[in-house]
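Notes for the structure review
Residues per chain are reported as follows:
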Amino acid sequence: MFRSKYDIAIIGSGIGGSILATILAKEGLKIVVLEGNQHPKFAIGESMILESSEIFRQLAETYGIPEIAYYSSENFTPLVGSTHGVKRHFSYMYHRKDHEEDSNELMMANIPKEPYGHEMHIYRQDCDYFYCSLAIKYGADIHQNTNIIDLEIDDSNVEIKLVDGRTINSNYIVDASGFKSILANKYKLRSYDLETHSRAIFTHAVDIPSFHKVANSQKQYGIPYSLHEGTLHHVFEGGWLWVIPFDNHKESTNHLCSVGLLLDPRVFPERSELSAEEEFFEFIQRFPGIHKQLKNLKSVRVWTRTGRIQYSTKKVIGNRFCLLGHAACFIDPLFSKGLYLTLTSIQNLVPKLIKSKNDNNFETVRFQTYEDTVFRFVEANDKLISGAYKSFGDFRVWRKYIILWVLGAYLEYLKLVLLRFNAHYSGDMKDMSSGDSNLNLRLVGGGFDKFNKLEKEIYKILDSINFKDTFDIEKKSQSILNEFIKAEWIPFTIKRYFVENHLNSNQYNLAFLKNKGGIFGVSDYRNHFFGKLPSLWM
Ligand SMILES: Cc1cc2nc3c(=O)[nH]c(=O)nc-3n(C[C@H](O)[C@H](O)[C@H](O)COP(=O)(O)OP(=O)(O)OC[C@H]3O[C@@H](n4cnc5c(N)ncnc54)[C@H](O)[C@@H]3O)c2cc1C
């Protein structure tokens, strides 16, 4: 049964569509969600980052729905079940063709345990089912196995036509159907003018040992966490491979591990004469360090092999419709930023949808800052990731380039957390979550102008490297490092870590909090990030 008219229709009940539906239904809007499949179902996008978890917390607090934050930390395992893994670090092991890996070429970025707990490897079929049921609990009408054949949008109505002949009416429609986006296809919005080029082969599998079982021990590497306790990225010229275990803590009841290979198709075109599985196993033989970890894996589902996975859109918004983040665009999962865009999309859209409903005015112009935000995020992610693929050409470059990722992510997270603290201080969470109070955010760098300038310099140097000339590589990778070292605004306590491959302990140093040299920094950096905080915090 459908209502005669809904405020908002949402296509797709994945993590994005379901969370959006939950919040809007809780806020009193009449919501219908049309899902082509049925839960529980496989979904990809498993590795969490601090920025995504922070938006989970912001949404949960702003709208008074604590369950939204249940995937923001391993501390919630007792509430969401034991099928999810823990993520206590990001690690990157560099590989060369036909050579064993070099233990000095492992880098680990720790995820702080305090104050919220480590991140998670989300077993998406359970997570998406959870959020879908949450949306139903809060009053959204969710229809699974419901396929749309077409829709008509005019100045006063959206009419959705289903395969079985029924029609549904709403005032507005959000397309949360991911890369297959119905609206992007209908309005021919897809664009592929992006720098990054990669294709993927992935599955869920058993019999993937911890890397320590086939290589050095945790102690030999001198790292604070076992490699199995986080996301391990094997990196090489022309691509990379993820290992995301769900069986990596003592409460886990899930013996699966997610594994996925990303290849630049210009370097490694698809081997269509082979099955996806055959291509995967043949490919990993090039790298002894990867092969020894994955050679015995047994897939538990049909392998997925994609064409180029990047896509974008000419428009994110239009007459009575918009595309949610993942329907609008996707770059590559290298730095796990996908859910950050999805959740930011929700955070930005919700206040606009509520206001439009209350004013009975869904004019496209009201959603303009949402579109701008999505485009800023895509552009920054495309640059960051295509730069990473370039830097994979030589470890010396990759080692320096990765500082840009760490610094950009740290600043972004810092800004997000401080926005929430400021909102608490001013007593208006909804103001912060209008999405319009932080319009200078662009996925990385916390909206700080000096970071943006530094980033441009790094890209310039990277683009000038002649990867056939080892002297040029040596010189330019040093120049990249120098750019970071000479940036006077980066607090000393952070700079120290630029030259280490990992922290030696899992404790963040108290020196971080020192007034001089600590993370509070100086001058315009301090103003940008900490400026509005009450003196108590300083
Ligand atoms: C290979 C890969 C790896 C990734 N890894 C990460 C990661 O590690 N970390 C991270 O943060 N992000 C990652 N992402 C991104 C992440 O997957 C997305 O951000 C996230 O899944 C978006 O959620 P969503 O609900 O908007 O879309 P989806 O999860 O794609 O859900 C779309 C929903 O729409 C439904 N649907 C589709 N077509 C129709 C239709 N015609 N009618 C009705 N319903 C329909 C689908 O059944 C599904 O339920 C990855 C993406 C890819 C491609």
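On a predicted model such as this, the values are computed, not experimentally measured, just so you know.

Quick notes on the rules
Residues numbered from 1 in each chain as written. Predicted model: local features only at pLDDT ≥ 70, side-chain atom pairs only at ≥ 80, totals over all residues. Heavy atoms only, no water. Helix = DSSP H or I, 4+ residues; strand = E, 2+ residues; numbered from the N terminus. Rg over C-alpha atoms; globule rule 2.2 N^0.38 Å. Buried < 20%, exposed > 50% of the residue type's maximum accessible area, 1.4 Å probe, protein only. Areas by Shrake-Rupley, 256 points an atom, 1.4 Å probe, with all protein chains shown as cover. Lys, Arg positive; Asp, Glu negative; His and termini not counted. Charge placed at Lys NZ, Arg CZ, Asp CG, Glu CD. Contact = heavy atoms within 4.5 Å. Near = heavy atom within 4 Å. Polar contact = N/O pair within 3.5 Å; in protein donor to acceptor, adjacent residues only side chain to side chain. Nonpolar A, V, L, I, M, F, W, Y, C, P; charged D, E, K, R; others polar. Axes fitted to C-alpha atoms, helices over the stretch in contact; angles between N-to-C directions. Parallel < 35°, antiparallel > 145°, perpendicular 65-115°, else oblique. Left-handed = near helix turned anticlockwise from the far one by under 90°. Salt bridge = Lys/Arg side-chain N within 4 Å of Asp/Glu carboxyl O. Expected span 1.5 Å × (residues − 1).

Moving on to the overall build of the chain. Tallying secondary structure elements over the chain gives 18 helices and 20 strands in all. Here the C-alpha radius of gyration of the chain, 23 Å, is about what a compact globule of 538 residues would show, namely 24 Å. With respect to the three principal axes, the spread of C-alpha positions in the chain is 65 × 65 × 45 Å. Put simply, the chain has 538 residues, and 60% of those count as buried. For the chain, the accessible area works out to roughly 21400 Å², and carbon and sulfur atoms hold 52% of it. Across the chain, the mean location of the 64 positive side-chain charges is 3 Å away from that of the 63 negative side-chain charges.

Turning to its location among the elements, Val-32 is positioned in strand β2 (residues 31-34). Residues contacting Val-32, with those up to four places away along its chain left out, are Phe-2, Tyr-6, Ile-8, Ala-9, Ile-10, Asp-141, His-143 and Ile-168.

Lining the immediate surroundings of the ligand are 30 residues, of which Gly-16, Glu-35, Lys-41, Ile-44 and Leu-339 lie closest. Here an oxygen atom of the ligand sits 3.5 Å away from a polar atom, N or O, in the main chain of Gly-14. In this structure, an oxygen atom belonging to the ligand sits 2.8 Å away from a main-chain N or O atom of Gly-16. Here the ligand has 1000 Å² of accessible area as a free molecule, and 89% of this is covered by the chains. When grouped by side-chain class, the residues that make up the shell around the ligand number 11 nonpolar, 15 polar and 4 charged.

Now for the packing of helix α2 (residues 50-63) against helix α13 (residues 395-426). In the contact formed by α2 and α13, the axes pass within 9 Å of each other and the chain directions differ by 15 degrees. In terms of orientation, α2 and α13 fall into the roughly parallel class. Of the two elements, α2 crosses α13, and the hand of that crossing is left-handed. In this structure, α2 uses Leu-50, Glu-51, Glu-54, Ile-55, Arg-57, Gln-58 and Glu-61 to contact α13, whose residues at the interface are Ala-409, Glu-412, Tyr-413, Leu-416, Val-417, Arg-420 and His-424. Of the residues that constitute the contact of α2 with α13, the class distribution is 6 nonpolar, 2 polar and 6 charged.

Let us now look at the environment of Pro-209. Counting through the fold element by element, Pro-209 comes out in the loop between β12 (199-206) and α6 (211-214). Residue classification places Pro-209 among the partly exposed residues on the basis of a relative accessible area of 25%. Counting along the chain gives 37 residues from Pro-209 to Phe-246, while the straight-line C-alpha distance between them is 12 Å. Residues in contact with Pro-209, not counting those within four places in the same chain, are Val-214 and Gln-293.

In this section: the pattern of salt bridges. Two side chains bearing opposite charge may form a pair once their charged atoms approach each other closely. According to the stated counting rule, one finds 38 salt bridges in the structure shown. As a salt-bridge pair, Glu-67 and Lys-137 come within 3.0 Å of each other at their nearest N and O atoms. Note that Glu-67 is positioned in the loop between α2 and α3 (77-80) and Lys-137 in helix α4 (residues 124-137), a separation of 70 residues in sequence. For Glu-67, a relative accessible area of 10% puts it in the buried group. A single network of salt bridges, built from pairs that share partners, joins Glu-54, Arg-57, Glu-61 and Arg-420.

Between its first and last C-alpha atoms α2 spans 20 Å; for 14 residues at 1.5 Å apiece the expected length is 20 Å, and the two agree. Counting buried positions along α2 gives 13 out of 14 residues, so the element sits mostly inside the fold.

Bear in mind that shape data such as this cannot, by itself, settle questions of function.
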